[in-house]
Amino acid sequence: MADRDDYRPVKQQPLSETSPLKGLRARYLIAFGLIATLSVVAFLGLGYLVLQSEKWTSTLSGAELQRMVSQRIAKAAERDSRGEIAREVVVFERMQHAIRYGDPALGVQGLTGSAFEPLFIELNGTYSELTKTARAIAETPGDEAVADGLLESLREQERAYLTGMNNLILQIRSTTRAEFKRLELLHLVVLALTLATLVFELAFVFEPAARRIKLQWQKLQESEQRFNLAVRGSQNAIWDWDLTSGKFYYSPMWAILLHDERLLDETTPDAWFRLVTSNELNKLNDQLEQLKTGVTDVMSTEIEMCTPCGDRVSVLCRGTSVRDASGEVVRLAGSLADITEQRRVREKLREMAEQDALTGLVNRGYFQERIELQVLRTRRDAQGTYAVLFFDFDGFKAVNDALGHNVGDELLISIARRLEEMTPTPGVVSRLGGDEFAVLVPGIGPEDATRLAGRLVERFREPHKLGTHEVVSTSSIGLVIGDQEYTDADALLRDADTAMYAAKVGGKSQYCVFDESMRRDSMRRLRIETGLLNADFDKELSLAFQPIVDLESGARERVEVLLRWPGFGEEPVRPDVFIPIAEETGVIIELGEWVLIEAAKRLQEWDARLGHTRTSVHINISRRQLLHPRFVEQLESLRTRHPGVYERLVLEVPEAAIMDRRSNPIDRLREIREAGYKLTLDNFGTGHSSLSCLHQFSLHAIKIDRSFVMEIEHRREFAALYHAIVTLSQNLGLTTIAMGVETRGQLGQLQGIGCSLGQGYLFARPMDAENTLRFLAGETEMFEAA
Ligand code: G
Ligand code: G
Ligand code: MN
């Protein structure tokens, strides 16, 4: 996956826009209307049916019929139609019976047992008379005239019956109407109750439910929106696996993450699994299995995936499980985050932490770890020796200075390649820093290791081709054979360094195997180092003093202070041994200050005891001391504490410190002069200084090295050289001090040359303060020591 710019935000998924309530209210209203109409129709219909099927209806119509029949009997009698009367009477009698007892054939129900029966029974008398009269008329022979009396009685009886019947019908009618009214009222109450129920349901059930659903839905919508935003914001691909149905959901981000649109149409996790690299699939399946079986509730693992076009994508796969009420895992869901870039950076950081950027070799830290491991392994297994080679390349600085840093870099790279090519596997080559390289070769014995070192020395005698340049950079190699004695990497590297140094001092382009004497030396060095670091100066160190005398007059007005350290018993440690060590460890800064203060105190004491202030004290200053930022401060504080003597403190600085062009000590020397101190160049002639440039250093004197004096007695050219040095120096206004004067012959020559001051065993050896005072006071012979 080359670039990540194709990460556009995923298009927003449409939310479920329709409210779950939409349509529900309308449907409810329709249902409500339907129920209402139905109940109205039902109740009205029912009321009608009740009326229709009402038991009085048939009886009533029977009674009405009977009424008509009675009228028809009366009319037939009027017309004197006896046959008709006889037929009507039959009907009349049957009807009478039907009204009382009911007659299914006529569809009449009958009044028996009802409230109207007594009323009907009252009619019975009239009815009997009516029928008796009607029959009498009907039985009158055909040719005889019907008696008027009979007709008259029939009319009367018929009227009486009709009245009774009318009465009965009215009674029934009013009764049924009242009943109908009651029913109607009941219907209305029921209808009202139904409507009330519906309204109640709408107001107290449907509306609150609807409101609650609406609220829930809004919340759901919000959280869905939030979820969508989160999904888009996190740029994560989301998955959701319903274990019951087996359905697997891929969010749109999958398509972007894995460059595969088709994933979105998939419904099983197989499409995912197919894109996981084979050696990672087991890991993923294990984790998913743990979720499924409920061993864990969350998972998080980094897996490598492969897009259909073959690009590698590293993803952080997270997941969690969802359980149902019974605790069964029913669903897994999670996300994939693209961590390809993160992983690359992480890898790069790891490499950077272990690698040297220029050569690609492992760096010091990692190399030390490897040695540490080897040390452990060898201590467990007595057989396994190994070799550590430490390299220094000659002339690297010269290449840098002459050809530039780019060529210098190329040289380092070329050296690195040679080392890799020459180192047998499973060796480790490291650039420790600068032009320091080292090699660790496990499982190698002393003979093979020395042979390898020899071959390497030879190989590095061949020139490197760097662009248009050919450069030779021979190597000095220190070799250590690692055995069970070694317990840490530092010791090994230190010993290899020591051996390398020996090879370098011994003439370069060679190797040197670290041996017991070097071990002893380095042990001693270590003891000196720690001894100095822990030393209580006042108790352990002392000062010796060696006089410097005037060669002309023999005046005794100067001494050089020389530091003495008894060290650890046996023999005192010589200053030319411990001073360089003190310089390296930095103790010299404190130590030098202590010497300055002690010397000043001593001079003050001598002034008092000698009764004059002509004495000068020369104090040796080391290079590191001179260049230290606090040095001038030290001198200034000394001046305030010992105002009477500081002018007579002469600082002897080594030639090498003054001639060091890189640190440019000219300003520093000027500051010292301004602070009121005198400066002397020590051991002139051992370094590279030329007299011609000495004037710029504002010196007071030069001390000509001992090696010159040793020769002047025997070799004329040295005498001439010495003469030239003295004359030139004096011309430059410098006082000359001859060092190492041991014989009277030397003294005579120096006097002849005109050298002003001298120091040496001829006059006095370094001695303690008391003897020095006696010497300065002229109480001891000058040439005793010689
Ligand atoms: O005494 P002699 O062998 O002791 O001196 C050895 C070397 O130690 C001399 O070159 C001298 O310059 C150096 N030396 C002696 N004392 C001191 C001192 O106090 N400071 C420094 N920096 N060098 C000293
Ligand atoms: O510079 P330095 O500071 O190096 O000079 C002092 C050193 O010279 C001391 O170590 C001291 O012991 C040594 N020294 C002084 N006079 C003589 C001498 O006449 N002969 C020899 N061989 N060494 C001397
Ligand atoms: Mn000195």
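Relevant structure appears above.
Residues numbered from 1 in each chain as written. Chains lettered and ligands numbered in written order. Predicted model: local features only at pLDDT ≥ 70, side-chain atom pairs only at ≥ 80, totals over all residues. Heavy atoms only, no water.

### Comments concerning the overall build of the protein
Part 1: In terms of regular secondary structure, the protein is built from 26 helices and 20 strands.
Part 2: Computed over the C-alpha atoms, the radius of gyration of the protein is 67 Å, more than 25% above the 28 Å expected from 2.2 N^0.38 for a compact globule of 786 residues.
Part 3: Counting only C-alpha atoms, the protein reaches 220 × 65 × 50 Å along its principal axes.
Part 4: The 786 residues of the protein split such that 43% are buried.
Part 5: If you take every contact in the protein between residues at least 6 apart in sequence, the share linking residues at least 24 apart comes to 66%.
Part 6: For the protein, the exposed area adds up to about 41,600 Å²; of that, 53% sits on carbon and sulfur atoms. (Helix = DSSP H or I, 4+ residues; strand = E, 2+ residues; numbered from the N terminus. Rg over C-alpha atoms; globule rule 2.2 N^0.38 Å. Buried < 20%, exposed > 50% of the residue type's maximum accessible area, 1.4 Å probe, protein only. Contact = heavy atoms within 4.5 Å. Areas by Shrake-Rupley, 256 points an atom, 1.4 Å probe, with all protein chains shown as cover.)

### So, the pattern of salt bridges
Part 1: Applying the stated criterion across every chain, the model contains 49 salt bridges.
Part 2: With its nearest N and O atoms 2.7 Å apart, the salt bridge here joins Lys-703 to Glu-560. Note that Lys-703 is positioned in strand S18 (residues 701–704) and Glu-560 in strand S14 (residues 556–564), a separation of 143 residues in sequence. Each member of the pair, Lys-703 together with Glu-560, is buried.
Part 3: One salt bridge in this structure joins Arg-715 and Glu-711, with 3.6 Å as the shortest N-O distance.
Part 4: The network of salt bridges with shared partners includes Glu-302, Glu-304, Arg-312, Arg-343 and Arg-346. (Salt bridge = Lys/Arg side-chain N within 4 Å of Asp/Glu carboxyl O.)

### Focus: the site of ligand 2
Part 1: In the vicinity of ligand 2 there are 14 residues, among which Gln-546, Glu-560, Arg-706, Glu-742 and Tyr-761 approach most closely.
Part 2: Take Tyr-761: an N or O atom from its main chain is 2.9 Å from an oxygen atom of ligand 2.
Part 3: When ligand 2 is considered free in solution it has 510 Å² of accessible area, and contact with the protein chains removes 77% of it.
Part 4: Broken down by secondary-structure element, the contributors of at least two residues to the shell around ligand 2 are S14 and strand S17 (678–684).
Part 5: Classifying every residue of the shell around ligand 2 by side-chain character gives five nonpolar, five polar and four charged. (Near = heavy atom within 4 Å. Polar contact = N/O pair within 3.5 Å; in protein donor to acceptor, adjacent residues only side chain to side chain. Nonpolar A, V, L, I, M, F, W, Y, C, P; charged D, E, K, R; others polar.)

### Here's the deal with the coordination of the manganese ion (ligand 3)
Part 1: Around the manganese ion (ligand 3), the protein supplies Glu-560 (OE), Asn-620 (OD1), Glu-652 (OE) and Asp-682 (OD) as donor atoms, at distances of 2.1 to 2.4 Å.
Part 2: With six donor atoms in place around the manganese ion (ligand 3) and angles of 42 to 177° between them, the coordination shape is irregular.
Part 3: By relative accessible area, which is 5% here, Glu-560 ends up buried. (Donors = N, O, S within 2.8 Å, 3.2 Å for Na, K, Ca; no water. Tetrahedral: all angles 85-135°; square planar, octahedral: opposite > 155°, others 65-115°.)

In short, shape yes, function no, at least from these values alone.
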